[in-house]
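Observations on chain architecture
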Amino acid sequence: MTQIDNMEKCSECSGRNVRENEIGELECQDCGLIMGMTIDMGKDNRVFADGSGAEGERWGQPKTELLHDGGLTTDMAPALRDGTGAALSPSQRRKYNRLRRQHQRTRIRDAKERNLVTALNELDRLAGQMSLPRSIREDAARIYKQAVYKKLVRGRSIEGVVAACIHASCRMNHMARTLDEIGMHSRTGRKEIGRTFKKVMKELQIRIYPAPPSEYVPRFCSHLQLDAVTEGMAKSILGRNEINGLSAGRGPTGIAAAAVYLSARINGIVRTQREVSLAAGVTEVTIRNRYKEICSALAINPDTPQPPQ
DNA sequence: AAGACGAAAGTGGTTGA
DNA sequence: TCAACAACTTTCGTCTT
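What comes next is a walk through the structure. (Residues numbered from 1 in each chain as written. Chains lettered and ligands numbered in written order. Predicted model: local features only at pLDDT ≥ 70, side-chain atom pairs only at ≥ 80, totals over all residues. Heavy atoms only, no water.)

1. Thoughts on the packing of aromatic side chains
- Scanning the entire structure with this criterion turns up 2 aromatic pairs.
- With centroids separated by 5.1 Å and ring planes inclined at 70 degrees, the aromatic side chains of Tyr261 and Tyr291 adopt a geometry described as edge-to-face. Separated by 30 residues along the polypeptide, Tyr261 in helix H10 (residues 252-266) and Tyr291 in helix H12 (residues 284-297) bring together distant segments of the chain.
- Taking relative accessible area as the criterion, Tyr291 reaches 6% and is therefore assigned buried. (Phe/Tyr/Trp six-rings, centres within 6.5 Å; stacked < 30°, edge-to-face > 60°. Helix = DSSP H or I, 4+ residues; strand = E, 2+ residues; numbered from the N terminus. Buried < 20%, exposed > 50% of the residue type's maximum accessible area, 1.4 Å probe, protein only.)

This is the structure we're talking about:
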């Protein structure tokens with residue numbers, strides 16, 4: 001581990017003890033905050049057409065967290081001829097193939113890397129089923145790698161930890177997904193994912209605040225096929241100061257669902273409480289209760305709702 | 001008949017002693 | 001560890017459109 005720059009200051013605790021860890025991240029040694037990755041500032045000689053590589057060009061995909069070795073690996077091509085173009089003798093060919101096999105084996109050095117190969121496959125599968133963008137997958141993979149290095153996967157299922165990392169990454173990227181949604185696509189249940197999520201966040205000292213209800217609005221609206229005006233109004237309702245007091249201790253999905261329901265009613269669009277409850281994963285009773293609370297907080301008549309002043 | 005409403009009982013998670 | 005508690009769910013009967 002090398003000290004990168006003693007002028008680098010942690011944005012969380014203001015400590016100056018920021019170093020590069022074993023997976024290339026800038027990590028504050030005092031509070032554990034990950035401040036970013038180290039960047040190679042050297043020139044980038046990429047091959048754009050028919051390059052032989054003789055001039056020192058680089059090629060291949062950019063570094064990715066989604067492969068256990070970052071995608072930065074070398075491969076020995078199958079070869080039938082030597083450097084001069086002459087055919088290899090059978091014994092030379094056997095020797096080459098043996099070397100090639102050994103080389104491939106070195107790509108997975110130990111149990112940690114084997115774990116990562118399985119986990120990153122699962123991560124990609126789960127994120128794919130949930131149609132999550134690449135940035136979320138990369139962040140989830142980064143968190144997972146930290147969890148492996150801190151030995152948090154021991155005694156837990158790989159699937160559970162992967163699901164927890166995806167949940168964390170979604171929350172960090174303001175695309176919150178509920179534990180139920182993730183649980184639907186994972187072999188691990190909601191309970192287990194939630195427990196693992198808490199443990200991993202605590203051990204890695206990652207602080208994630210509760211998702212604001214407005215983060216759920218776009219998805220609920222798209223499930224319910226509501227227009228942008230209705231979605232915008234639901235968000236603006238949730239953005240009002242009066243609503244802040246309602247969210248303490250309450251599930252954000254229930255509040256978001258009620259705001260969407262209210263917004264649809266104001267705009268004269270008929271969506272039953274049942275439909276909204278299915279889209280949001282909460283019951284009609286919860287929507288009714290939050291609906292009444294929002295209406296009274298904003299002084300809206302619940303029977304004939306009008307846009308708030 | 002479908003949807004909304006509200007009461008009551010049950011469930012699972014959190015908190016504080 | 002356990003009891004108390006708040007939030008939420010489930011169920012069911014009644015009311016409204």
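2. Examining the protein's contact with DNA strand C
- If you check the shell around DNA strand C, you find Gly249, Arg250, Gly251, Gly281, Val282, Thr283, Val285, Thr286 and Arg290 and nothing else.
- Those atoms of DNA strand C that come within 4 Å of the protein belong to sugar or phosphate at a rate of 86%.
- Interatomic distance of 3.3 Å between a side-chain N/O atom of Arg250 and a phosphate oxygen of DNA strand C.
- Broken down by class, the residue content of the surface near DNA strand C amounts to 2 nonpolar, 5 polar and 2 charged. (Near = heavy atom within 4 Å. Polar contact = N/O pair within 3.5 Å; in protein donor to acceptor, adjacent residues only side chain to side chain. Nonpolar A, V, L, I, M, F, W, Y, C, P; charged D, E, K, R; others polar.)

3. Re the environment of Asp227
- Checked against the element boundaries, Asp227 lands in the loop between helix H7 (217-223) and helix H8 (228-238).
- Residues Asp227 and Thr304, 77 residues apart in the sequence, show an inter-C-alpha distance of 20 Å.
- Within the local environment of Asp227, its side chain forms a polar contact with the side chain of Thr230, the two groups lying 2.5 Å apart.

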